[in-house]
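# An overview of the molecular structure
The residues making up each chain are set out below.
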Amino acid sequence: MKKEIIISGFGGQGVLSMGKILAYSGLMEDKEVTWMPAYGPEQRGGTANVTVIVSDDPISSPILSSYDVAVVLNQPSLDKFQPKIKEGGILIYDGFGIINPPTRKDIKVYRIDAMDKAAEMKNSKVFNMIVLGGLLGVCPVISHDGVEKALYKTLPERHHGLIPLNMQALKEGAGIIQLQA
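Described below are features of the structure shown in this document. Everything numeric in this text was worked out from a predicted model, so none of it was measured.

Definitions and limits used
- Residues numbered from 1 in each chain as written.
- Predicted model: local features only at pLDDT ≥ 70, side-chain atom pairs only at ≥ 80, totals over all residues.
- Heavy atoms only, no water.
- Helix = DSSP H or I, 4+ residues; strand = E, 2+ residues; numbered from the N terminus.
- Expected span 1.5 Å × (residues − 1).
- Buried < 20%, exposed > 50% of the residue type's maximum accessible area, 1.4 Å probe, protein only.
- Pairing = 2+ DSSP bridges.
- Contact = heavy atoms within 4.5 Å.
- Axes fitted to C-alpha atoms, helices over the stretch in contact; angles between N-to-C directions.
- Arc of directions from axis to C-beta.
- Phe/Tyr/Trp six-rings, centres within 6.5 Å; stacked < 30°, edge-to-face > 60°.

## With respect to helix α4 (residues 127-138)
With 12 residues, α4 extends 17 Å from end C-alpha to end C-alpha; this agrees with the ideal 16 Å at 1.5 Å per step. What α4 keeps buried is the set F127, N128, M129, I130, V131, L132, G133, G134, L135 and L136.

## Quick notes on the sheet that holds strand β6 (residues 108-112)
The seven strands are arranged β2-β3-β1-β4-β5-β6-β7 in an open sheet whose pairing can be described as mixed. The open sheet is flanked by β2 (32-39) and β7 (178-179), the only strands paired with a single partner. Pairing between β6 and β7: two bridges, direction antiparallel. By the bridge assignment for β7, R111 is matched with Q178. Here helix α1 (residues 15-28) sits on the sheet and contacts β1 (2-10), β2 and β3 (47-55); the angle it forms with β2, its principal contact strand, is near 170 degrees.

## Digging into helix α6 (residues 163-176)
Compared with the 20 Å implied by 1.5 Å per residue over 14 residues, the 20 Å span of α6 between its first and last C-alpha is a close match. Within α6, the full set of buried residues consists of I163, N166, M167, A169, L170 and G173. Looking straight down α6, one finds that the buried residues subtend no more than 155 degrees of arc, so they occupy a single side. The exposed set on the far side of α6, more than 90 degrees from its buried face, consists of P164, K171 and G175.

## Thoughts on the pairing of β6
The sheet contact formed by strand β5 (residues 85-94) and β6 spans five bridges and is parallel. Each residue of the ladder has a partner; that of Y93, found in β6, is R111.

## A closer look at the packing of aromatic side chains
The full count for this structure, using the stated rule, is one aromatic pair. Aromatic pair Y67 and F81: ring centres 6.0 Å apart, planes at 85 degrees, arrangement edge-to-face. Taken together, the residues Y67 in strand β4 (residues 67-72) and F81 in helix α2 (residues 75-81) connect sequence positions 14 residues apart. The class for F81 is buried, based on a relative accessible area of 3%.

Right, dumping it as structure tokens:
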């Protein structure tokens with residue numbers, strides 16, 4: 001198994017954190033991983049993206065020109081990365097940030113209303129964990145247990161009390177993602 005994933009959105013949406021959690025979770029499950037962030041000087045509010053590869057075998061290069069999975073959280077990201085998804089791949093988008101929905105018919109397109117769910121949970125900071133839960137719901141490259149282990153390993157101890165909320169957000173995301181017709 002090898003999945004080449006791009007996650008993209010505005011800085012401040014937790015894009016880089018989502019990628020880091022995904023990569024670290026892969027490490028916790030003894031998988032080969034790469035994590036390659038890309039953002040400009042305008043990180044907060046500007047476009048940010050991260051490429052993550054999770055594989056059972058060694059990874060030859062972290063540089064990619066096409067992806068198995070794209071998670072896009074705003075219109076500029078959709079416009080940029082929709083054409084770069086491999087035929088038969090997966091596109092996941094948050095309905096809140098997209099004006100012109102995806103148009104490709106040769107890929108599976110999923111919508112996740114993560115912003116709405118975060119508001120329902122009364123905590124905007126779990127937005128990225130809801131999205132990650134949706135990703136893992138349709139493309140289970142790592143387990144929820146791996147995510148939990150990674151959170152305990154990477155978060156400062158003073159934030160460990162937030163891990164149950166993050167794990168709940170992960171489950172919520174897996175439950176609300178929907179395949180688009």
